[in-house]
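Tertiary structure, described
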Amino acid sequence: GENVEQHPSTLSVQEGDSAVIKCTYSDSASNYFPWYKQELGKRPQLIIDIRSNVGEKKDQRIAVTLNKTAKHFSLHITETQPEDSAVYFCAANQPRSGGYQKVTFGTGTKLQVIP
Amino acid sequence: EAGVAQSPRYKIIEKRQSVAFWCNPISGHATLYWYQQILGQGPKLLIQFQNNGVVDDSQLPKDRFSAERLKGVDSTLKIQPAKLEDSAVYLCASSSDGRYNEQFFGPGTRLTVL
């Protein structure tokens, strides 16, 4: 089955600096890669996603890049702010017969933005 | 649009007791997921329903966990009997049909097994 590895497990940056979180996946059939942000005690929420036919996507201070050949994708946060402090999870979706998607999550990165 | 609802939000039980969690997905969402999230870890899929059928329960400890989704809407997850290592947050999520489907998560149920 699919295996998603995420690094680093913890990341501390100064406010205003950039943060990069990387994930690798094993199943070449994976075709959708969402990123979720989970604040302490709250539910995961989608912040950005990318499809397998796209190499990069940007939404204000957040961007995601995908390298299908190397099977890795990364989350980039620029001009970090204290409210960016949270745990970030990557995920990879694999299509399955029957029309459903199997979702595999990474292990999470705890981001701390120091004011 | 109402979000995914879960209850209870918190539950404390002793080991060997039984517990049940309830989830109401977003209206019209065909796919429903139950995840177990242990503190400091990512969500681990327990079971996935497509309408009222199970499409993936490969990581569900079937000797103690069971789940159902009657009529393809609400779902319940049961643990019987509970073990200490079952202490976790149980997240329910739903998504619509489609090739690229965002999951919407409920607030979760925090289970503590003493």
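Our subject is the structure listed above.
Residues numbered from 1 in each chain as written. Chains lettered and ligands numbered in written order. Predicted model: local features only at pLDDT ≥ 70, side-chain atom pairs only at ≥ 80, totals over all residues. Heavy atoms only, no water.

Here the largest pocket defines a volume of roughly 760 Å³. As for the largest pocket, its lining consists of 31 residues, and the residues nearest its centre are Gln38(A), Leu40(A), Gly41(A), Val87(A) and Leu39(B). The set of elements that each furnish at least two residues to the lining of the largest pocket consists of strand S9 (86-95) and strand S11 (109-114) of chain A together with strand S9 (88-95) and strand S11 (109-113) of chain B. Counting residues per element, the lining of the largest pocket draws most heavily on S11(A), at four residues. Mapped by element, the contributors of at least two residues to the lining of the second largest pocket are strand S10 (101-105) of chain A together with strand S4 (31-37) and strand S5 (44-50) of chain B. When residues in the lining of the second largest pocket are grouped by element, the largest group, four residues, is from S10(A). Residues of the lining of the second largest pocket, tallied by class, amount to seven nonpolar, 10 polar and three charged. (1 Å grid on protein atoms, 1.4 Å probe; cavity = no way out; pocket = protein on both sides within 12 Å on 5 of 7 lines; lining within 4 Å. Points joined across faces, edges and corners; volume = space filled by probe spheres on them. Helix = DSSP H or I, 4+ residues; strand = E, 2+ residues; numbered from the N terminus. Nonpolar A, V, L, I, M, F, W, Y, C, P; charged D, E, K, R; others polar.)

As a further point, take the pattern of salt bridges. Residues and elements named next belong to chain A. All chains considered together, the criterion is met by six salt bridges over all chains. Of the charged contacts in the structure, one is a salt bridge between Asp 84 and Arg 61, with a shortest N-O distance of 2.9 Å. Linking Asp 84 in the loop between strand S8 (72-77) and S9 with Arg 61 in the loop between strand S6 (56-59) and strand S7 (62-67), this pair joins segments that are 23 residues apart in sequence. Taking the relative accessible area as the measure of exposure, Arg 61 reaches 22% and is therefore partly exposed. (Salt bridge = Lys/Arg side-chain N within 4 Å of Asp/Glu carboxyl O. Buried < 20%, exposed > 50% of the residue type's maximum accessible area, 1.4 Å probe, protein only.)

Residue and element names in this part refer to chain B. Strand order in the open sheet formed by four strands is S1-S3-S8-S7, with antiparallel pairing between adjacent strands. Only two strands of the sheet have a single neighbouring strand rather than two, namely strand S1 (5-7) and strand S7 (65-68). Across the sheet, the mean angle from the axis of one strand to that of its neighbour is 15 degrees, orientation sign disregarded. Here four bridges tie S7 to strand S8 (residues 75-79), and the two strands are oriented antiparallel to one another. Its bridge partner lying in S8, Ser 66 is registered against Lys 78. (Pairing = 2+ DSSP bridges. Axes fitted to C-alpha atoms, helices over the stretch in contact; angles between N-to-C directions.)

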